[in-house]
Each structure stands twice: as C-alpha cells, then as structure tokens.
Amino acid sequence: MNPYPVVSELLTVKGLTKKFGARHVLSDVSFNVRFGEVLGLIGPNGAGKTTLFECLAGLLSCDAGNVKFRETNLTASQRKESLFYLPDAIVPWAEQSVKWALHFFQRIYGQSQARLLKLLVPLRLEEIERSRLGTLSKGERKRLILALGLLTPQPLLLLDEPFDGLDLRQTRDVMSLVREEAASGRTLMLSIHQLVDAGRVCDRLVLLSDGRTVGEGTLTELRAQANLTEGGLEEIFLALT
Amino acid sequence: MRLRSFLQLLSKEFRELFSSRAFWIMLIIVGALVGHGFITAIETYAEVSGNGNGPAALPQGLTPLDGILVPTWGAYDLAATLLFPFVAIRLVATEKESGALKLLLQLPHSLVGKVSTKALVLISGWVLAWLPGLAAFALWKTYGGHLYTPETANLLLGHFLRGLLSAGVGVGAAALAESASSAAIVTLGLTVGTWALDFIAAGRGGLLQQLANYTPTAALRSFEQGLLRLNTVVVMLALSLGGFVVAAIWLHTGRSFRIRLLATAALVVMVAGVCVAGARLRSSWDLSENRRNSFYVADEAALRKISVPLKLTVFLAPEDPRLTDLEQTVIKKLRRVLTPLQVDYIANGRTGLFESSEDHYGEIWYEMGGRKVMDRSTIEEVVLDQIYQLAGEPTPDRSEANDFPGYPLAVQPRMAALIFYLIWPLTVVLSWWLLRR
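The rules we used
Residues numbered from 1 in each chain as written. Chains lettered and ligands numbered in written order. Predicted model: local features only at pLDDT ≥ 70, side-chain atom pairs only at ≥ 80, totals over all residues. Contact = placed C-beta atoms within 7 Å. Helix = DSSP H or I, 4+ residues; strand = E, 2+ residues; numbered from the N terminus. Pairing = 2+ DSSP bridges. Axes fitted to C-alpha atoms, helices over the stretch in contact; angles between N-to-C directions. Domains from an automatic or database assignment. pLDDT = per-residue confidence, 0-100. Buried ≥ 20, exposed ≤ 12 C-beta atoms within 10 Å, placed from the backbone. Expected span 1.5 Å × (residues − 1). Bend = angle between axes of the 7 residues up to and from the residue.

Attention shifts here to the interface of chain A and chain B. Facing the 22 residues of chain A at the interface are 20 residues of chain B. When residues of the side of chain A that touches chain B are traced back to their parent elements, those giving at least two are strand 6 (83-86) and helix 3 (98-108) of chain A. Broken down by element, the residue count for the side of chain A that touches chain B peaks at three residues, all from helix 3 of chain A.

Right, dumping it as structure tokens:
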C-alpha cells in the first residue's frame, strides 16, 4: 500500500532564498516538480542552477524558503532520503577504478547485479571498467556519474548539466536513458544550459535568471507566459528575461 | 543491512587510505626511523652493559624501557607529529577538493557514521605503522632481551593515544580549512604552539605548567616513564574525540555557518569542561618495573596517612638543574600520593639580561597546618623528612632493598639493518603495488 497521499506534485519549492554575503544568488525561487516528469532547469551560467540544486539536496543551507516532498516539509538532513543530486565537474575518488565505484554504489543501495549490468551498455562503461576515475575524460566521467545516480533508489534525481562533455551520439543515448528512467516512474530534474537539448528531453521547464524563477511550464505554457505565438525556447527565454 | 552498508563505507575508506601515497611514504620513513633508533639503542645499551670488556654501568640503571623501547619508539612520536597528520588530512581534504564529499554526504549513513569510519581507518593505519616497532620488540626478545609487559603495554597505549590525537587534529583541521595545504598549516601551527608551551612553561608552575602537562610531547613522556595517569588518558581522549566531532560539524555543509560556529563553540566548552574535570583526576599507576615513579613503599604508606594540605614554595629558576631534579625525583611522586599539594614557583630566570637576585633564591619553603619550615635540599629523603617533621609523623623505616635487578645485555643488532632498511621498504613497496592493481 502506498504510504503517501496521491498528489501530482512530488516536490514543492517555495520562496527559496540564498545569499553569499550581501549577494543574492537565489531570490524567492518557487516551482513544483510533478511525479514522473523530466523537469528542465534552464538558465545561463551564473543563474544559480547549481546553488539551487545544492540547496535542494541539503548540501547548502538556505536563508529562507521551504521544500516539501509529497506535501511534507523536508529538513535539510531528510533530503537524502527523497532525492539524490549528481553534481557537475567533480572527480571523485580519483585513485579508484570505475568498476569499484559502480559496485560501491550498487552495494550501498542494495541494487541487483542485473540493474548494474543494464546501465553498462547504454552508458558504454564496460570499456572503461578497469580505468581509474582520475584518468577518465570529461565525457567518460559524466557517464559514470550518471550511472552512479541511476543506481540510487531515491524517487527524485537531480542532474547538473548531464549532457555537458558528451558527444552527439552519447547525448542521444543518455537522453533515451533519462526518458526510460522517467517512464519507469522516477522523476528527474535536469539543469541544462543548452536550450536545444532541454527542449528535446524535458516535459516541463523552469526558467531561472539572476537567481529568480522567470517562468515555469511546458513549451506552450511558457510561450503564452512570454506572449509569443511562435518561437523556440531561446526566444521565450529572451522574452521573459 | 545497516551493518553491511557501514562495512561498505569502511571498505571504501580503507581503499582511500591504501591509495594514499602519503600513507605508504609514512610507512617507509617510519621503518627507517625505527631501524635507526633500534640499532643505535642496541649499540649504546651494549656499551653501557660492558661490551668489548669495557666497564659495565650499575646494572640497576639498565632498564630496557629507557635503553631500548623509548628510543626505538621515539620514531612514532616524530611520525605522529610530522607525518601522520597529513595522512589524516588527506583522507578528508581530497574528498572536499574533488567533490566526492557531495556524493558521500548523500549516502544513507549519518555524518557521525561517516566520520567514525574515517577515524577507524586512521586508527587501523596507525596501528599498521607499528609493525616495524613491534618487529623491534621481537628482535630484542630474540637477542635475549627483557621486556616487562605492563610498562611495554603502557608505552604502546601512550603511542596509540598520541596517534589518535594526531588523527583527530588532522581530520578536524581538514574539515575546517578550505584546502589540504591550509589544514597542514593549521596542524603544524598547533604542533609548534604546543612545543612553545612546553618550553615556556617548564618549571614555571601555575596554569601554564598545568596546561603544558597535556601537550602531546609531555603526555607521551609520562607513558615513556612507565606512568599511567588517568587524567592524561581522559584529556587525550577528549581532545582527539573533539577533533573528530569538529569534522562532523564542519562537514555538514547543509547547516549554516552560524549554526556550525555555535555548535563548535558548544563543543569547545564541553571538551574544555571534560579536560578540566579530567585533569582533577588523581588516579595513576606506576607500571615501571623499577618503580621509578614511586617512593619507597614505607614512605608511600606514611605519606598517604597525611591529610593536612601541604604547600611548597620553591625559589628556583626554570633553568636551574636543581628544580628539574626536585620536579623529577620528588614533586612528581608527591603529586601521586599527597593530596592536596600546592606548589608555587617564585623565582624568575637567573641568567642573561633578566638575571634576578632574590634574597631567597635556592630556598624551598614547606607549609603545613600553619607551620612553616625552610630547606635548600632537593634530595628525596631530605624533602620527605621535612614533610614528616611538619606533619608530626615519624620517619618510616627505609631499609627495604631495591629488588630491581637491572637488565644489562651486550649484543649486536643482528639482522636489524636488513629488516628495517631492506625487507621492510621492499614489503611496503610490494604491498602498495599489489593493492594498486
């Protein structure tokens, strides 16, 4: 029996504010994440995407605002039970092998060997299994980190720039993996600065500019918010910021 | 499931320790230092034992603790000061700098559990580094050398606590500082600070000297003299644990800076409280075979009967050897049996620019129950007689024989150079290579 109330909003973020000294990095950020969707967090460099993810994951403290998961307030230390955040540009455990990292996450979360094997082929990790993490290229590292995230059981997965450093074919493979994961009932939130990629993979989008949410919805809804009759994400973003 | 997950984390920390070059380099250096200390100690011990038809020293003066164990294990004091903290720093700082900490913090274990695994792994690493030291014990036994188990175990306990303190300080500094290099500067700063405290406080008495009793060097010294003091153990444990808790507070990046600062302040108050309370504990055990930290049994029994507080006022400068003599041979032992005991040090330096010329210089005043008496001697028997006189107690019979036989042994350090300078480094390098595969 499902212990949670049936709601369409998995995560509700209200009035999230974060300051570094006197500088407001996030100002009154509010949005919803719906169950089973792929939500894109769009914004230029320095918009506050990573800070927002780290605040959501409980890795950074917030100055104001609250985060509700299935309508229940989540303290910073409770977040890891409901969501998992995959940071961008990290080189964890440089001296360890890819195989070890995968098995470490598999065992920590009690995942089956079949689940692990299912990730190896689409993410092309078999060929680098014996390599040390410190010797991987940016794209290889990105694929491994994504695999680690997919081995976690939390209902919501936050991915910071998941397509950064991937070539065209790898981007396409990762996109289909992300869609498969969403189809299996998991919710994903991706921070993306490449608007084309965002349009292709996300169900809905949250636009972030200078630490503020300037729009939220599907492409059609955002177009309406921007008073545009046609145009892509780029035009919408420019119109709303 | 929880235990399995914890073991996974523990195994990860072991892998991280074993992939650290700093750890393997420490092992090689420790082996060489232990080897040098052991070989030199064996040769010196052989000389004073009458090697090569030379004159033998008094056998009662030959104790393996002073002659072999302490000089050999001195390498570990050096390692705990200058090498091991960096191994500890690396275990935390690398994860902070590489971003691995962001993943680690989201794993299912509590932060206390995560820091505990690091502490456990560091302690294991420290004990692993003891292998050359333990090999030295084994070699000494094969030469026919004598080991007295209580004092040997006490020395090991001292080095265990010394390593634990280094690990706590290193991990705490790494969690507080932005980078590994900043953490190294913090750690070295603390070490140099304790050296300065040791130097400045010598023979000055008061709070400064009480503090100096708990610097790592001073704390280890009491273990090296075969003395197990409960207050030293409590203070060292509290400080080490404090370091690990500081790490748990500052690695919790999801808490605001203010909260972490407040938590640290509360911790400092708590650790200070434990240290102050711990420092008042007077229980101690003389585990040395020659009872160097104790008076004659008869004297101890007589002194324990005295319940009136004794105050000693000593007019001797810190650099005066008579003060060292008084401290080492009398006051240190008195503190163990006579409570309460108050010692005031009055004189300042007597040399150089700050030379003083107090009229009372050299005097030792004894005050008990409103009566005062002065003497200048620092000889144990004379000091005790003054105390008995003031307390109105008869001088006990000291005719008991000192039954410590002494353990002279004139041998050559056979195989030691081969083991410490060749086999040990090769074993370390081979293990490193095998574990990296």
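Residue and element names in this part refer to chain A. Within the open sheet, the six strands sit side by side as 6-7-8-3-9-10. Their pairing is mixed. Since the sheet does not close on itself, it has two edges, and those belong to strand 6 and strand 10 (212-217), each with one partner. Averaged over all neighbouring strand pairs, the angle between strand axes comes to 15°, with direction disregarded. The pairing of strand 9 (residues 204-209) with strand 10 spans five bridges and is antiparallel. Within the sheet, the bridge partner assigned to Leu-205 lies in strand 10 and is Gly-217. Sheet strands touched by helix 1 (residues 49-56): strand 3 (38-42), strand 6, strand 7 (156-160), strand 8 (187-192) and strand 9. Its angle to strand 7, the strand with the most contacts, is close to 150°.

Here the focus is the sheet that holds strand 3 (residues 310-314) of chain B. Residues and elements named next belong to chain B. What the four strands build is an open sheet, ordered 4-3-5-6; its pairing is mixed. Looking at strand neighbours, the two that pair on one side only are strand 4 (341-345) and strand 6 (371-375), the edges of this open sheet. Neighbour to neighbour, the strand axes of the sheet diverge by 15° on average, direction disregarded. With respect to the sheet, helix 16 (residues 380-391) is in contact with strand 3, strand 5 (364-368) and strand 6, its orientation differing from that of strand 6 by roughly 160°.

Its domain assignment divides chain B into domain 1 (2-287 + 417-436) and domain 2 (297-391). Computed from C-alpha atoms alone, the centre-to-centre distance between domain 1 of chain B and domain 2 of chain B is 35 Å.

Moving on to the confidence of the model for chain B. Averaged over all residues, the pLDDT of chain B is 90; the fraction at 70 or higher stands at 93%. Predicted as a complex, the structure gets a pTM of 0.89 and an ipTM equal to 0.92.

As a further point, take unusual backbone geometry. Residues and elements named next belong to chain A. One non-glycine residue, Arg-70, lies in positive phi territory at about 50°. Here Arg-70 lies in the loop between strand 4 (64-69) and strand 5 (72-73). Taking the number of C-beta atoms within 10 Å as the measure of exposure, Arg-70 has 18 and is therefore partly exposed. Within the chain, Ala-89 stands out as a residue other than glycine whose phi angle is a positive 55°. With respect to the helices and strands, Ala-89 occurs in the loop between strand 6 and helix 3.

It is worth spelling out helix 4 (residues 84-98) of chain B at this point. Structurally, the α-helix is built with 3.6 residues per turn, so residues lying three or four positions apart point the same way. All names here are of chain B. Between its first and last C-alpha, helix 4 extends 21 Å over 15 residues, near the 21 Å set by a 1.5 Å rise per residue. The sharpest bend along helix 4 reaches about 30° and sits at Arg-90. The buried fraction of helix 4 is high, at 13 of 15 residues. Phi turns positive, to about 95°, at Gly-99, one or two residues after helix 4.

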